[in-house]
Amino acid sequence: MPTYSNRLMGLTGGGDDGWGLFYRARALKDAGEPVLELTIGEHDTRTAPDILDAMDASARGGHTGYAAVPGTRSLRDAVAKRLSSFSELTYGPENILITPGGQSGLFAAHSLACDPGDTALLIDPYYATYPGTIRGVGAVPKPVATHPEDGFQPREADLMAASLGAKSLLINTPNNPTGAVYSDATLEGIARVAGARDLWVISDEVYDSQIWEGTHRPFASLPDMFERTLTVGSLSKSHAMTGSRLGWVAGPAGAVAQMINLATHTTYGVPGFIQDAGCYALSLGVEAEAAVAAPFLRRRNMVLERLAQQQASNSLQIRAIPPSGAMYVMLDIRATGLSGNDFGEALLEEERVAVMPGESFGVAAAGHIRVALTLPDEVFATALDRLFAFAARQMDGRCAATA
Ligand code: PMP
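Every chain is numbered on its own, with residues counted from 1 as its sequence reads. Given that this is a predicted model, residues contribute local features only at a pLDDT of at least 70 and side-chain atom pairs are listed and counted only at 80 or more, while totals for whole chains, interfaces and linings are drawn from all residues. Only hydrogens and water are set aside when side-chain values are computed; all heavy atoms of the structure are taken into account.

Per an unreviewed UniProt entry, the protein chain is named Aminotransferase, and its organism is Gymnodinialimonas phycosphaerae. UniProt positions are given in the numbering used here, feature names are shortened, and annotations may be inferred rather than shown by experiment. One UniProt comment on the protein chain, placed under Sequence similarities (unreviewed entry), says "Belongs to the class-I pyridoxal-phosphate-dependent aminotransferase family."

### Brief notes about the sheet that holds strand E10 (residues 328-332)
By the convention used here, strands pair only if DSSP detects at least 2 bridges between them. Only DSSP runs of H or I reaching four residues or more are called helices, and only runs of E reaching two or more are called strands; each is numbered from the N terminus. Strand order in the open sheet formed by five strands is E1-E11-E12-E10-E9, with mixed pairing between adjacent strands. Every interior strand has two partners, whereas the edge strands, strand E1 (36-38) and strand E9 (319-321), have only one. Put simply, the sheet's adjacent strands are angled 35° from each other on average, direction ignored. In this sheet, strand E12 (residues 368-372) lies alongside strand E11 (residues 353-357) in antiparallel orientation, the contact comprising two bridges. Bridging from a neighbouring strand, methionine 356 pairs with arginine 370 of E12. Contacts from helix H13 (residues 340-351) reach E11 and E12, with the element oriented near 170° to E11. Lines fitted to C-alpha atoms define the axes here, with helix axes fitted over just the stretch in contact, and angles between the N-to-C directions of these axes take values from 0 to 180 degrees. Only heavy atoms enter the contact rule, under which two residues are in contact if any of them lie within 4.5 Å.

### Description of empty space enclosed by the protein
Buriedness of a pocket was judged along seven lines, with at least five required to meet protein on both sides within 12 Å; pockets are open sets of points on a 1 Å grid over the protein atoms alone, cavities are sets where a 1.4 Å probe fits but cannot get out, and lining residues have an atom within 4 Å of a point. Grid points are joined across faces, edges and corners, and a volume is the space filled by probe spheres set on the points. Tallied over the full model, the rule gives one cavity of 30 Å³ or more. Within this model, the largest cavity holds a volume of roughly 30 Å³. Forming the boundary of the largest cavity are Ile123, Pro125, Tyr126, Tyr127, Tyr130, Leu170, Ile171, Asn172, Asn175, Asn176 and Tyr182. With three residues, the single largest contributor to the lining of the largest cavity is strand E5 (residues 168-172).

### A word on the packing of helix H5 (residues 101-113) against helix H10 (residues 253-265)
Where H5 contacts H10, the two axes come as close as 10 Å, and the packing angle between them is 115°. Considered as vectors, H5 and H10 are oriented roughly perpendicular to each other. For the crossing formed where H5 meets H10, the hand is right-handed. Contact with H5, carried on its side by Ala108, Ala109, Ser111 and Leu112, involves Ala255, Gln258, Met259 and Leu262 of H10 and no other residues of that element. The residue inventory of the contact of H5 with H10, partitioned by class, reads six nonpolar, two polar and no charged. Orientation categories follow fixed angle ranges, with anything under 35 degrees roughly parallel, anything over 145 roughly antiparallel, 65 to 115 roughly perpendicular, and all other angles oblique. Helix crossings get a hand from a simple test, with the near helix turned counterclockwise from the far one by less than a right angle marking a left-handed crossing and a clockwise turn marking a right-handed one. The nonpolar class holds Ala, Val, Leu, Ile, Met, Phe, Trp, Tyr, Cys and Pro. Asp, Glu, Lys and Arg form the charged class, and all remaining residues, Gly among them, are polar.

### Topic: the packing of aromatic side chains
Aromatic contacts are taken between Phe, Tyr and Trp rings whose centres are within 6.5 Å, Trp giving its six-membered ring; a plane angle under 30 degrees counts as stacked, one over 60 as edge-to-face, and the others as tilted. Counting across every chain of the model gives six aromatic pairs. For the ring pair tyrosine 66 and tyrosine 268, a centre distance of 5.4 Å and an interplane angle of 75° mean the geometry is edge-to-face. Taken as a pair, tyrosine 66 in the loop between helix H3 (49-60) and helix H4 (73-84) and tyrosine 268 in the loop between H10 and helix H11 (272-283) lie far apart in primary sequence, 202 residues in all. Judged by relative accessible area, tyrosine 66 falls into the exposed class, the value being 77%. Burial status follows relative accessibility: with a 1.4 Å probe on protein chains alone, a residue under 20% of its type maximum counts as buried, one over 50% as exposed, and anything between as partly exposed.

### Digging into the site of the ligand
Neighbouring residues are identified by heavy atoms, a residue being near a molecule or strand if any of them is within 4 Å of it. Every one of the 14 residues lining the ligand counts as a neighbour, but Gly102, Asp204, Tyr207, Ser234 and Ser236 are closest to it. Polar contact criterion, stated in full: a pair of N or O atoms within 3.5 Å, where within protein one must be able to donate a hydrogen and the other to accept it, and residues adjacent in sequence count only if both atoms are side-chain atoms. At 2.9 Å, a backbone N or O of glutamine 103 approaches an oxygen atom of the ligand. Between lysine 237 and the ligand, the recorded distance is 2.8 Å, taken from a side-chain N or O atom to a nitrogen atom. Note on areas: Shrake-Rupley with a 1.4 Å probe; residue coverage comes only from the protein chains shown. In the complex, 93% of the free accessible area of the ligand, which totals 400 Å², lies under the protein chains. Whether a molecule sits in a cavity or pocket is decided by its atoms, more than half of which must lie within 2 Å of the grid points. At a threshold of 2 Å from the grid points, most atoms of the ligand map onto the largest pocket. Going through the elements one at a time, H5 and helix H9 (235-238) are the ones with two or more residues in the shell around the ligand. Among the residues making up the shell around the ligand, the classes are represented as four nonpolar, seven polar and three charged.

### Observations concerning unusual backbone geometry
Along the chain, aspartate 124 connects to proline 125 via a cis peptide bond; the corresponding omega equals 5°. Assignment of secondary structure puts proline 125 in the loop between strand E3 (119-124) and helix H6 (130-136). Of note, the bond from threonine 173 into proline 174 is cis; its omega dihedral lies within 30 degrees of zero at -10°. Locating proline 174 in the fold gives a position in the loop between E5 and helix H8 (184-197). Look at tyrosine 268: it is not a glycine, yet its phi comes out positive at around 55°. The class for tyrosine 268 is partly exposed, based on a relative accessible area of 41%. Here alanine 326, not a glycine, exhibits a phi torsion of approximately 70°, which is positive. Given a relative accessible area of 0%, alanine 326 falls into the buried group.

Have a look at this one:
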């Protein structure tokens with residue numbers, strides 16, 4: 001029998017990486033159990049009806065044939081305008097490739113940057129697909145750990161030490177899973193490393209509309225960084241369009257031309273009616289993006305306030321790393337004595353609340369859980385009550401055991 005390629009067989013690096021818990025929660029839910037899911041980054045609202053109207057009108061108007069592979073001119077213009085609005089940089093359509101979601105943009109960017117066997121750096125904790133995306137182009141993922149005590153901002157010295165001989169560095173700000181928004185000092189440190197080591201920087205900015213503290217500074221806008229930066233973006237998070245699979249990768253025109261060539265031989269573009277809907281969505285401006293983001297800020301604050309109350313009224317010692325952006329809160333549960341995996345498993349079992357164990361995002365997030373801010377406020381409050389009650393029981397058990 002013909003065999004499967006080593007590249008695909010090695011894509012996930014073995015093990016369930018904590019995703020087993022996610023699938024168990026889904027299976028329970030499918031079997032009719034009332035599981036409260038705080039797992040993946042998906043809005044509790046759906047794509048706005050007027051965006052769907054635009055999609056419908058485009059499809060009925062005939063935009064159902066092959067669309068231009070790099071993206072329609074109007075969407076590339078709209079994305080270029082949005083990117084130009086963040087900084088002094090001026091983007092044109094030649095700097096944009098429209099992709100089926102940011103995920104496909106990450107693959108295109110690594111395909112451009114890395115040859116098989118090349119070292120591709122990523123920051124740990126990381127979005128769960130990153131290592132597999134890197135392995136998918138035949139490169140070797142090399143995580144660089146960050147630390148809760150630094151708010152998960154990468155240290156320049158660690159990056160410099162890890163990057164000798166590397167080809168690329170994948171960064172993500174605002175960050176999934178930590179909620180970190182990289183400071184100017186962090187970004188400038190990364191820029192020095194990228195210059196010194198001649199790296200491609202692949203900057204995943206899909207959460208650029210979800211900033212709770214500070215401002216979003218695109219990595220490409222740092223001095224001398226545009227020519228070595230491939231910026232990945234998406235309408236998934238900003239416009240609740242996860243299922244439309246609409247994203248982009250932006251960069252120097254020469255690099256984009258090569259990634260268009262890749263798209264011609266892989267995706268062959270994105271449906272025209274989806275792109276027209278995206279164009280309409282972007283025409284709604286930043287107010288529409290702020291409206292989609294607002295519930296996550298509200299729920300982020302709910303977590304922080306309720307946690308503070310709980311800490312004041314009993315001995316609850318789990319801590320939040322207050323997120324500066326994105327739709328998640330990381331909780332440090334090391335005081336319970338449990339791993340993120342064990343905490344998550346027992347929480348699902350006892351309280352029917354599903355979270356992601358930190359371990360699914362790399363070794364640097366061990367002893368943490370990631371709570372997605374993705375249930376309507378009232379249900380979210382119930383889930384938090386159950387989570388904190390569960391954590392308090394673990395603390396009590398621990399105190400009793402050591403008394
Ligand atoms: N990057 C990060 C950090 C993400 O969290 C996600 C989705 N959860 C993506 C990229 C991919 O998003 P999409 O393909 O839906 O644009």
